[in-house]
Amino acid sequence: QVQLVESGGGLVQAGGSLRLSCAASGNIFSINVMGWYRQAPGKQRELVATKSSFDINTNYADSVKGRFTLSRDNAKNTVYLQMNSLKPEDTAVYYCNLLVSGRYYWGQGTQVTVSS
C-alpha cells in the first residue's frame, strides 16, 4: 500500500539544526496533507506543523514558529522538517503524517535529542 520512512533524527546541542525527512513509497496518487507531530516521554503527541495542498498557509505550533520549516519535494514524494535553533524542549520522537490518496499514514518515528 503506502509506506513512510523517516530519517534525519539524532543528537545535537542546543542551538543546532536538524533536517527530518519522510519518504513515501507505494501506491501514491497524491499527497494532500502533510504534517509533523512529536511526542516526548510522559506527554501526549502534539502537532508541530501541517499543511494542506488546498491551503497556501502552513500551520505551526507556537513553540516552533520561526524555528521550524515544513517543505516537500514532489518529485521524490518526500516531506521535510527543517529544525533550527533547537532547544532541549524539542527533544521527542518525531512522526510524519501524510494524507495519501484518501488515507492518513504515519511514519515509524525518529528520535531527536537536544542536549543543553
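Residues numbered from 1 in each chain as written. Predicted model: local features only at pLDDT ≥ 70, side-chain atom pairs only at ≥ 80, totals over all residues. Heavy atoms only, no water.

Trainee: Could you give an account of the overall build of the protein chain, with specific residues and numbers?
Mentor: Looking only at helices and strands, the protein chain features zero helices and 11 strands. Reading the protein chain from its N terminus to its C terminus gives the helix and strand order β-β-β-β-β-β-β-β-β-β-β. A compact globule built from 116 residues should have a C-alpha radius of gyration of about 13 Å, and the protein chain, at 14 Å, falls within 12% of that. Within the protein chain, contacts between residues at least 6 apart in sequence are counted, and of these 54% link residues at least 24 apart. Surface summary for the protein chain: the accessible area is close to 6300 Å², and the carbon and sulfur share equals 48%. In the protein chain, the 11 positive side-chain charges and the 7 negative ones have mean positions that sit 3 Å from each other. (Helix = DSSP H or I, 4+ residues; strand = E, 2+ residues; numbered from the N terminus. Rg over C-alpha atoms; globule rule 2.2 N^0.38 Å. Contact = heavy atoms within 4.5 Å. Areas by Shrake-Rupley, 256 points an atom, 1.4 Å probe, with all protein chains shown as cover. Lys, Arg positive; Asp, Glu negative; His and termini not counted. Charge placed at Lys NZ, Arg CZ, Asp CG, Glu CD.)

Trainee: Describe the environment of M34, listing the residues and the values that go with them.
Mentor: With respect to the helices and strands, M34 occurs in strand 4 (residues 31-39). Note: C-alpha distance between M34 and G107 (73 residues apart in sequence) is 11 Å. Those residues in contact with M34 that lie beyond four places of it in its chain are A49, T50, K51, L70, S71, R72, V79, N97 and L98.

Trainee: So, unusual backbone geometry: which residues are in play, and what are the values?
Mentor: A positive phi angle, close to 50°, is found at S85, a residue other than glycine. You can see S85 is positioned in the loop between strand 8 (78-83) and strand 9 (92-100). Unlike most non-glycine residues, S101 shows phi in positive territory, near 50°. Following the sequence through the fold, S101 ends up in the loop between strand 9 and strand 10 (103-106).

Trainee: Any details on the sheet that holds strand 1 (residues 2-7)? Residues and values, ideally.
Mentor: The strand order across the open sheet built from four strands is 1-3-8-7, with neighbouring strands paired in antiparallel fashion. Looking along the sheet, the strands with just one partner apiece sit at the ends: strand 1 and strand 7 (68-73). Sheet twist, expressed as the average angle between the axes of neighbouring strands with direction ignored, equals 15°. Note: strand 1 against strand 3 (residues 18-26), six bridges, orientation antiparallel. Looking across to strand 3, one finds that V5 is bridged to A23. (Pairing = 2+ DSSP bridges. Axes fitted to C-alpha atoms, helices over the stretch in contact; angles between N-to-C directions.)

Trainee: Outline the pattern of salt bridges, listing residues and values.
Mentor: Summed over the entire model, instances satisfying the criterion amount to four salt bridges. R38 is paired through a salt bridge with E46; the nearest N and O atoms lie 2.7 Å apart. Residue R38 is classed as buried on the basis of its relative accessible area of 6%. Its relative accessible area of 34% is what places E46 among the partly exposed residues. K65 is the partner of D62 in a salt bridge, and the nearest nitrogen-oxygen pair spans 3.1 Å. On the accessibility criterion, D62 (64% relative accessible area) is exposed. Connected via shared salt-bridge partners are R38, E46, R67 and D90. (Salt bridge = Lys/Arg side-chain N within 4 Å of Asp/Glu carboxyl O. Buried < 20%, exposed > 50% of the residue type's maximum accessible area, 1.4 Å probe, protein only.)

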